[in-house]
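Here is what each chain is made of, one letter per residue.
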Protein chains: 2
Amino acid sequence: MQWREQPAIYFEDYGSPVERSSYLIELHTNDGGSYDVINDASSPAAGDCCVQQSSARHNWEMNYQEAAIYLQEGENNDKFFTHPKNAKALAAYLFVHNHLFYLMELSTALLLLLLSLCEAPAVPMLRLGIFVHATLELFALIVVVFELSMKMRWLGFQTFIRHKRTMVKTCVLFVQFIEAIVVLVRQTSHVRITRALRCIFLVDCRYCGAVRRNLRQIFQSLPPFIDILLLLLFFMVIFAILGFYLFSPNHSDPYFNTLENSLVNLFVLLTTSNFPDVMMPSYARNPWSCVFFIVYLSIELYFIMNLLLAVVFDTFNDIEKRKFKSLLLHKRTAIQHAYRLLITKQRPSGISFKHFEGLLRFYKPRMCARERYLTFKALNQSNTPLVSLKDFYNFYEVVGLKWKAKRNREHWFDDLPRTAFLIFKGINILVNSRVFQYTMYTVVAVNGIWILVETFMLQGGNFFSRNVPWSYIVFLTIYGVELLLKTTGLGPVEYLSSGWNLFDFSVTLFAFLGLMALAFNMEPFYFIVVLRPLQLLRLFKLKKRYRNVLDTMFELFPRMASLGLTLLIFYYCFAIVGMEFFAGVVYPNCCNTSTVADAYRWVNHTVGNKTVVEEGYYYLNNFDNILNSFVTLFELTVVNDWYIIMEGVTSQTTHWSRLYFMIFYIVTMVVMTIIVAFILDAFVFRMNYTRKNQDSEEDNGIVLEKEISKEEVVGIIELYKRISGASETAQLQKIVLQMDKYGQMSTVFLGRRSRTKSDLSMKMYEEEIQEWYEEHSRKEETQTPLQEPASASNSSVKPLSLRQRSQTVI
Amino acid sequence: MQWREQPAIYFEDYGSPVERSSYLIELHTNDGGSYDVINDASSPAAGDCCVQQSSARHNWEMNYQEAAIYLQEGENNDKFFTHPKNAKALAAYLFVHNHLFYLMELSTALLLLLLSLCEAPAVPMLRLGIFVHATLELFALIVVVFELSMKMRWLGFQTFIRHKRTMVKTCVLFVQFIEAIVVLVRQTSHVRITRALRCIFLVDCRYCGAVRRNLRQIFQSLPPFIDILLLLLFFMVIFAILGFYLFSPNHSDPYFNTLENSLVNLFVLLTTSNFPDVMMPSYARNPWSCVFFIVYLSIELYFIMNLLLAVVFDTFNDIEKRKFKSLLLHKRTAIQHAYRLLITKQRPSGISFKHFEGLLRFYKPRMCARERYLTFKALNQSNTPLVSLKDFYNFYEVVGLKWKAKRNREHWFDDLPRTAFLIFKGINILVNSRVFQYTMYTVVAVNGIWILVETFMLQGGNFFSRNVPWSYIVFLTIYGVELLLKTTGLGPVEYLSSGWNLFDFSVTLFAFLGLMALAFNMEPFYFIVVLRPLQLLRLFKLKKRYRNVLDTMFELFPRMASLGLTLLIFYYCFAIVGMEFFAGVVYPNCCNTSTVADAYRWVNHTVGNKTVVEEGYYYLNNFDNILNSFVTLFELTVVNDWYIIMEGVTSQTTHWSRLYFMIFYIVTMVVMTIIVAFILDAFVFRMNYTRKNQDSEEDNGIVLEKEISKEEVVGIIELYKRISGASETAQLQKIVLQMDKYGQMSTVFLGRRSRTKSDLSMKMYEEEIQEWYEEHSRKEETQTPLQEPASASNSSVKPLSLRQRSQTVI
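Everything numeric in this text was worked out from a predicted model, so none of it was measured.

### Observations concerning the packing of aromatic side chains
Inspection of every chain in the model, using the stated rule, returns 99 aromatic pairs over all chains. Look at B:Tyr765 and B:Trp772: their rings are 6.3 Å apart centre to centre, the planes differ by 50°, and that puts the pair in the tilted class. Each member of the pair, B:Tyr765 together with B:Trp772, is buried. Through a chain of ring-to-ring contacts, three or more aromatic side chains come together here, namely A:Tyr339, A:Phe353, A:Phe356, A:Tyr363, A:Tyr373, A:Phe376, A:Phe392, A:Phe395 and A:Tyr396.

Dropping the structure here:
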């Protein structure tokens, strides 16, 4: 560590940057400063050394900011053609890019979406006057206008026009505005199907990036999907004609009496939803007619439907890899841009800590001084005090690490007196022992079987008796003792850091609350009792495959949630359309003329003395408000018996209503196929990964270890005192005190973060990534070598942004 | 071609073999011949040259036969530990391994299976007396005993005992035998569930190797499947307890009133079969109860079920590759064994044509002399007259080629007089032109739309009018003209060699037959008319993706058929069990006490003057005979509304009957998941293959070209005359005549066969295959170098057969 001997390195001058932030140039020009050519970027600001130190510092601040913006753009996969180009755009950019603005965006979008709870076919409890909800809507729309105008300020009119998603949003906004005003003026709600487009406000939110990615992936998978869908529909039409000719002579067969019925019923048969029924009339007449249905189902359901999945899976696979590649290269380009803004002419081989620290102040303002220095050290692989470009490429992997001093003491009770220490040590050993673990598994298993048997014995009746069952108390006591032992043995912090322990803890707590509820006869809480069986999930820790599956499940969870949200957005669109057309058309005994009359029947007849209610219940599956619509749409998604809902609505409206249900089926089929393809892809990927890295089985995320000496800390404190006063050095001084206390010359810090899909992909495609990098840098070099950064910032970006622009919309 | 100048090479002596066929040794010992040590194989038959030529020839015949057996074993993936070990075993082996025996095996198995059509709950038309069918059964079983005893003779008692599949078969045979005799003696049929085991006779057939492979694959995929299934059932139990606690207080909810009902209904919900219904009573009471069902379905149906597919798909993928590898190496070992038996001590570097020809006479007796020589030439890559081991490794790829002389004339009409030639040439050009093709596509499309519109206009009524519609005649005329033009333009042979043309031809023929039927008022033939729309399938030739899909479909067809057969075997087992337990329990109005009474209702009440028949039809889904059982089981496979069938049967028997239906569901789920995984795997594989070989797009299978000179043919004729008389040379002489006629010195032959999955895999795993070979040969070498073939035949085989034995059963 040759450079540790030269703490003076931290007190160097700022130096002059190789490349100047574009805002700075603009700024100086606007101020009538010393720069007279705006596009002067190509001549690297000669004669800087004579500019005053404070001015140099101001200039550097600008560079830091732009570098941080580049890095953010790289991380968020924002294309560089939306990069703010001047100081005014920068101000707008900064205004638009912070959590407050994001939250405003999100809450406006949510408000607009939630309005449909209160509008015309409203949820009864939430009904609002037309004046109230129209005013609310207008208010929300005005906020959206404000947001859009800020964005326009940032992007500039040219880019704004070119950005398709924003343009679509603007159009939708315009339409919504007019409609809201019309509603206010007429004081009555008209058919507003356009409300279905409100989703775009949510999709456009910064926080919904994952949803946009999903939508893009769905649209990319569409062409092959549609091809196979056509094949499917083609066979359907052929079989419909065949079926019509074969079965329409049978007058007791209502399914094939016209070609339209034949088509509709074969479409429904595709979902198997009417299966044995559609076959029965012809089967009763001639047993061999079952061949028609068996052949149809074998071809359509068992072959072409699976083909559909295969094609989507294949496309999905391909897209996932290409997406990973393009994101990786995009990040790399962003790092190159940032790097060029941070190196000085005096030392062009790397970034010094001072400049790195400046960057981090903008990139991650909430990072403390200690973490900034540790990040710098973690990046710096060489013996020099500078971070080279090669090291800097790891920026995104390192900056997410959470740093903690490696504890000198192994357990939380190490500092306690001898007797207490021995007791706690004993508990610790007990808790970590296999015997203890397996005893607990046995207890949980016994408890599970107990609950099962107990519930089986109840057989209805008054099972919520007033007295608390003793078994409940026994098991809960055991769990309580286990919780207590584990908390004391491991220390509360370590205990709760494991997901499984957290789960144990909350389940035990809930069970205890249930016990309290039972003991104090608080009826409304009784249902907590039923959470008990969930404790059985602990048993699945035992087998490796389950651990794998559950781990993968947790890793997939964010992505699954975003897919679910995507599905909900489709639901919203269809719910609005459904409400506009079908609200109130379905009610008890509504469809007595249709073939599904039974399902909608509600008869209240008296047999002897008893009143027998014959309920078909299907009138509950209606579009009377948005919540009901969502439930109805979920039932349509599950597809079983969906034709009953379809026929019910159809019998009350026109037979064109079927189009709505059929289109919904196809849309959910697309989304569901994508979900299946995603789960398939993720698990197959994960299993291949496990197979490839069988040695490094137990992984707890990414861990990095760095040692810091006392001298270094003192050096940094000095540096910070010079830059920003003493405010940031408090934590650093605490480290020095700590070291003094234990008489150490250095402290070891551990950086930790959880493993992401991107980390796994990095490892899986290791070899290919090197090729991509080479190909990428070859492309860059032929256009502009890195040695001339000024022109590079223009020309090297363009081909990338042009290539990726086609994927930008939505 | 240096060796063409030495035709004497064909007339060489037989030479003495390096290794001697094991039968030969045995034979000589038994005859008290010149060999006195049985295990003499290690000393390579010294002093052979003084044995007479005819004896040498006899010895060689034995070597040829054993080599051919080795090659057959390699091809059929028979393990080498079942290799016949002596002359007696050889005789039995030859008896057992020919198509007559295979056919006997198959027909016996089919007879046994078909007996269930006539036994106790028989198909009404096929009912046979107990005496008749029991006698038939006994007869079939005696044939099986004969087959088994022949196999025992071949395998020897030791191997026979070790071969698990055969042992299971023997046990089943024993049980069946006793039962058949009991039936004959008592003259009444008892509960014979063991009939379900009859399938094993079919599975064991030589022709059902694909079914055995499928079954093996299913069993290999079971462990991970069961793991995930347990997770699925665990969540089911937890939700069942939760559901019981939550919904049983609602007395109008029949689905959750006991824990058993709760479990059963959640199991059915897993198949979505009772979906909105099971939710409705609780949903009507409290709308928020839908959350329970949504969460349950999301976890079970949309997550864990897909997980199941992912796990099976992953396992399947892995197994497919391992299977391919082991089969490849098995074939290689077989080739090595055969090679050792065919080389002579005089020329140990390769196999001469004479010996190769001897091999082929046993391996493929129906190959003609010309093809044998062409196969030899295709294998021989070197300039020597010997086929080296390296060349011989390609044996399986080359031996399947069909050889044809490359035509001198391009078209079939080239020999016709000038005028006729010009006419036909014109037709040929017309038929091959794009304009003609697209015109035909347009005609087909117009025809399709015409049929659709025409059918739509009919709207029921008397659409089978006596007069033939003119549109039908017009379109059929166009198709007829096209068929005629194509047949004359391309020649009938070339025309019918394309699958699509064959399809066109048969559809047009059928349509013509339909026309005849219409014209002559032959009612029973009217349904042929409905085949017309199938002609629309031709339109799919237009797009590349469809061509790919359809090609893959045809490639997959054999495998799909075998999977279907596997499913049918499972059906058979369940059908027998179902018939034994549930025959006759379901009939109209049988289940009036159950919740599904409506589906079984058959009411014939009079409203006013009309008789209204209210039919539930579900009583048709019964187990009254094996055909009905199959249809019922298919309905259970489709799973929609399967619980109605289950509940119907349950209400008439005990509630343990549900176990039958649930087990059937799980079994079909396994098979169906395998089918989906297979389709996924095959298509993803194919698409990857296409992506990898984008340049060689249009492939018509494997094609090889070989040129043969006149001298060579004459040489072979001489050779054959010496070996086997003039009988085999007729075809060769024809070639000589042909050459003389056209004055050629040589003829080019084309070898052709269709591409198999194995060929694709060879190309896909190209690099890995080399590694496998190296690894394999390294393993062999460390055990026995190829230079000492005698001991190799024993020791090098054993580890392989031991390793693979675990996969042998079934």
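### Remarks on the packing of helix α23 (residues 642-652) of chain A against helix α24 (residues 657-692) of chain A
Residues and elements named next belong to chain A. Contact geometry for α23 and α24: axes closest at 9 Å, N-to-C directions at 155°. As the angle between them shows, α23 and α24 are arranged roughly antiparallel. The chirality of how α23 crosses α24 is right-handed. Residues Trp642, Ile645, Met646, Glu647, Val649 and Thr650 of α23 form the contact with α24, whose own contacting residues are Ser657, Arg658 and Phe661. Classifying every residue of the contact of α23 with α24 gives five nonpolar, two polar and two charged.

### Some points on the nonpolar core
Counting 287 residues, the largest nonpolar core has A:Tyr600, A:Phe661, B:Tyr600 and B:Phe661 as its most contacted members. Residue contacts for B:Tyr600: discarding those within four places in its chain leaves B:Val586, B:Tyr587, B:Pro588, B:Asn589, B:Cys590, B:Cys591, B:Gly616, B:Tyr618, B:Tyr619, B:Ile644, B:Ile645 and B:Gly648.

### A few points about unusual backbone geometry
A negative phi angle is the norm for most residues apart from glycine, just as the trans form is the norm for most peptide bonds. Not every positive phi belongs to a glycine, and A:Asn77 is a case in point at roughly 60°. Here A:Asn77 shows up in the loop between α2 (53-76) and α3 (87-96). A relative accessible area of 22% places A:Asn77 in the partly exposed class. Within the chain, B:Gln187 stands out as a residue other than glycine whose phi angle is a positive 55°. According to the relative accessible area criterion, B:Gln187 is partly exposed, its value standing at 40%.

### So, the interface of chain B and chain A
On the chain A side, the residues contacting the 91 residues of chain B number 90 residues. Between chain B and chain A lies a buried interface of about 8800 Å² when both sides are counted; carbon and sulfur atoms form 75% of it. On the surface where chain B and chain A come into contact, there are zero salt bridges. Taken together, the links from chain B to chain A amount to nine residue pairs in polar contact (both at pLDDT 80 or more).

### A word on the sheet that holds strand β5 (residues 746-753) of chain B
Residue and element names in this part refer to chain B. A sheet is described by the order of its strands in space; here three strands give the open sequence β1-β5-β4, paired in antiparallel fashion. Of all the strands in the sheet, just β1 (402-405) and β4 (702-709) have a single pairing partner and so form its edges. Across the sheet, the mean angle from the axis of one strand to that of its neighbour is 25°, orientation sign disregarded. Direction of pairing for β4 relative to β5: antiparallel, over a ladder of eight bridges. From the neighbouring strand, Ile708 faces β5, where its bridge partner is Thr747. Packing against the sheet, helix α13 (residues 369-379) makes contact with β1, β4 and β5, and its axis sits at approximately 105° to β4.

### Thoughts on the pairing of β5(B)
As judged from the four bridges shared by β1(B) and β5(B), these two strands associate in the antiparallel manner. In the strand pairing of β5(B), B:Lys404 is matched with B:Leu750.

### A word on the confidence of the model for chain A
Residue and element names in this part refer to chain A. Across chain A, the average pLDDT comes to 79, with 85% of residues at 70 or higher. A low-confidence stretch, residues 1-11 stays under pLDDT 50, and its non-local contacts, those more than four residues away or across chains, total 21 contacts. Across residues 785-810, where pLDDT falls below 50, the model places 48 contacts with residues more than four positions away in sequence or in other chains. Here the predicted complex scores 0.83 on pTM and 0.84 on ipTM.

### What about the sheet that holds strand β4 (residues 702-709) of chain A?
Strand pairing within a sheet occurs via backbone hydrogen bonds; the two strands may be parallel or antiparallel. Residue and element names in this part refer to chain A. With respect to topology, three strands assemble into an open sheet ordered β1-β5-β4, the strand pairing being antiparallel. Taken across any chain shown, the strands that pair with only one partner, and hence form the sheet edges, are β1 (402-405) and β4. With direction set aside, neighbouring strand axes in the sheet form an average angle of 25°. Against the sheet, helix α13 (residues 369-379) engages β1, β4 and β5 (746-753), with an angle of about 105° to β4. Contacts from helix α26 (residues 730-742) reach β4 and β5 within the one sheet, and its direction differs from that of β5 by about 125°.

### Remarks on the relation of the copies chain B and chain A
At an RMSD of 0.1 Å, chain B and chain A line up after a rotation of 180° and a shift of 0.0 Å along the axis. Interpreted geometrically, this transformation is the action of a two-fold axis. Among all residues of chain B, the minimum C-alpha distance to the rotation axis is found for B:Asn640, at 3.6 Å. Mapped onto chain A, 99% of the interface residues of chain B are again interface residues, and the two copies thus contact each other with one and the same surface.

### Describing the packing of helix α8 (residues 209-247) of chain A against α24(A)
The relative placement of two packed helices is expressed as an angle between their axes plus a distance between the axes. Residues and elements named next belong to chain A. As a packed pair, α8 and α24 sit with axes 11 Å apart at the nearest point and diverge in direction by 115°. As α8 runs across α24, the sense of the crossing is right-handed. Residues Gln217, Ile218, Ser221, Leu222, Phe225 and Leu229 of α8 lie in contact with α24, whose contacting residues are Ile666, Met669, Val670, Val671, Thr673 and Ile674. The residue makeup of the contact of α8 with α24, split by class, is nine nonpolar, three polar and no charged.

### Thoughts on the UniProt feature "domain: Ion transport" (unreviewed entry) in chain A
Here the UniProt-annotated "domain: Ion transport" (unreviewed entry) positions come out as residues 104-323 and 434-684 of chain A. Summarising residues 104-323 of chain A: 76% helix, 0% strand, and an end-to-end C-alpha distance of 30 Å.

Conventions we followed
Residues numbered from 1 in each chain as written. Chains lettered and ligands numbered in written order. Predicted model: local features only at pLDDT ≥ 70, side-chain atom pairs only at ≥ 80, totals over all residues. Heavy atoms only, no water. Phe/Tyr/Trp six-rings, centres within 6.5 Å; stacked < 30°, edge-to-face > 60°. Buried < 20%, exposed > 50% of the residue type's maximum accessible area, 1.4 Å probe, protein only. Axes fitted to C-alpha atoms, helices over the stretch in contact; angles between N-to-C directions. Helix = DSSP H or I, 4+ residues; strand = E, 2+ residues; numbered from the N terminus. Parallel < 35°, antiparallel > 145°, perpendicular 65-115°, else oblique. Left-handed = near helix turned anticlockwise from the far one by under 90°. Contact = heavy atoms within 4.5 Å. Nonpolar A, V, L, I, M, F, W, Y, C, P; charged D, E, K, R; others polar. Core = buried A, V, L, I, M, F, W, Y, C linked by side-chain atoms within 4.5 Å. Buried area = accessible area lost by both parts, 1.4 Å probe. Salt bridge = Lys/Arg side-chain N within 4 Å of Asp/Glu carboxyl O. Polar contact = N/O pair within 3.5 Å; in protein donor to acceptor, adjacent residues only side chain to side chain. Pairing = 2+ DSSP bridges. pLDDT = per-residue confidence, 0-100. Least-squares fit on C-alpha atoms with pLDDT ≥ 70 in both. UniProt positions renumbered as here; feature names shortened; annotations may be inferred.

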